[in-house]
Amino acid sequence: MSALPELPNRLFSNGRSVLAQFGYRQLEAGEVREDWALMWDHLRGDFATAACPQVPAYDRLTEDQQAAARTYMSRRLIADRNLETCEDLHVRLFSGGINTDLVERYSVAREAYEESVEAFGDAREDLAALLMA
C-alpha cells in the first residue's frame, strides 16, 4: 500500500482515522472492494434504534435489504474515493503553489465529494426504511 501523503491540514489526517473506525481504508490503484459482509459489520451499528437494538448481520438481511445495503456501502466507497481526490488536490495546492487550474479542479472535486456524501445519506435513509419494515 502506498504511503498516505502528508496533508497540510491535520483535520484530513484525523478524519481518516475516524473514517477507519467505519471501515475506511485507502485502496491501491485498480483495487475493488466487495467485502460487503465485513463492511456491513462496520456500518450496521449506525442503524440501531431503541425499537431495533440488534441490526442483523449482512447474511441475515433479506435480498432487498442486502441490495440496499450494497448501494449504501457503494456510495460510501465513492465518497471515500472523492475525499481522497480532494485531499490529493489540497496537498498539491499547498505544495505547488496556488494556480487557477488546481483551484478549479479542487472545486470540482469538492463538489463531487459533497454530492457523494448526500447520495450516501439518501441511501442510508432508504436502507433504514427497509430495516424498519
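Shown above is the structure to which this text applies.
All values derive from a computational prediction rather than experimental measurement.

Topic: the overall build of the protein
If you tally the helices and strands in the protein, you get 4 helices and 0 strands. Looking at the protein as a whole, 34% of its 133 residues are labelled buried. Partitioning the intrachain contacts of the protein with sequence separation of at least 6 by distance along the chain shows that 65% fall at a separation of at least 24. Entry remark: accessible area of the protein is about 8,200 Å², with carbon and sulfur atoms responsible for 53%.

Some remarks on the packing of helix α3 (residues 63-96) against helix α4 (residues 100-132)
Two elements in contact, α3 and α4, have axes whose closest approach is 8 Å; the angle formed by their N-to-C orientations is 160°. In terms of their interaxial angle, α3 and α4 are classed as roughly antiparallel. For the crossing formed where α3 meets α4, the hand is left-handed. The class makeup of the residues in the contact of α3 with α4 is 22 nonpolar, 6 polar and 7 charged.

What to know about the environment of E114
One can find E114 in helix α4. When the C-alpha positions of E114 and L83 are compared, they lie 9.0 Å apart, and in sequence the two are 31 residues distant.

Overview of the packing of aromatic side chains
Using the criterion set out here, one finds 3 aromatic pairs in the structure. Between F47 and Y72, the aromatic rings sit 5.2 Å apart at their centres with planes inclined by 75°, giving edge-to-face as the arrangement. Taken together, the residues span a long stretch of sequence, with F47 in the loop between α2 (36-43) and α3 and Y72 in helix α3 at a distance of 25 residues. Neither F47 nor Y72 differs from the other in exposure class; each is buried. A connected cluster of aromatic rings, assembled from ring pairs, spans W40, F47, Y72 and F120. Above the ring of F47, the side-chain terminus of R124 is found at 4.4 Å from the ring centroid.

Cut-offs used in this document
- All residue numbers refer to positions counted from 1 along the written sequence of the respective chain.
- For a predicted model such as this one, the threshold for reporting local features is a pLDDT of at least 70, and the threshold for listing and counting side-chain atom pairs is 80 or more; totals across whole chains, interfaces and linings nevertheless cover every residue.
- Heavy atoms from the whole structure form the basis of all side-chain values; hydrogens and water molecules are not counted.
- Counting from the N terminus, the helices are the DSSP runs of H or I reaching at least four residues and the strands are the DSSP runs of E reaching at least two.
- Accessibility here uses a 1.4 Å probe with only protein chains present; expressed as a share of the type maximum, an area under 20% marks a residue as buried, one over 50% as exposed, and anything in between as partly exposed.
- Any two residues whose heavy atoms approach within 4.5 Å at even a single point are treated as in contact.
- We get accessible surface area from the Shrake-Rupley algorithm with a probe of 1.4 Å; when it comes to residues, only the shown protein chains can shield them.
- Fitting a line to C-alpha atoms yields each axis, with helices limited to the stretch in contact; the angle taken between N-to-C directions then spans 0 to 180 degrees.
- The cut-offs work like this: below 35 degrees is roughly parallel, past 145 is roughly antiparallel, 65 to 115 is roughly perpendicular, and the gaps in between are oblique.
- Take the far helix as the reference: if the near one is turned anticlockwise from it by less than a right angle, the crossing is left-handed, and if turned clockwise, right-handed.
- We call Asp, Glu, Lys and Arg charged. Ala, Val, Leu, Ile, Met, Phe, Trp, Tyr, Cys and Pro are nonpolar, and the rest, Gly among them, are polar.
- Centre distance within 6.5 Å is the pairing criterion for rings of Phe, Tyr and Trp, where only the six-membered ring of Trp is used; planes under 30 degrees apart are then read as stacked, over 60 as edge-to-face, and the remainder as tilted.
- Whether a charge sits over a ring depends on NZ of Lys or CZ of Arg being within 6 Å of the ring centre and within 35 degrees of the ring normal.

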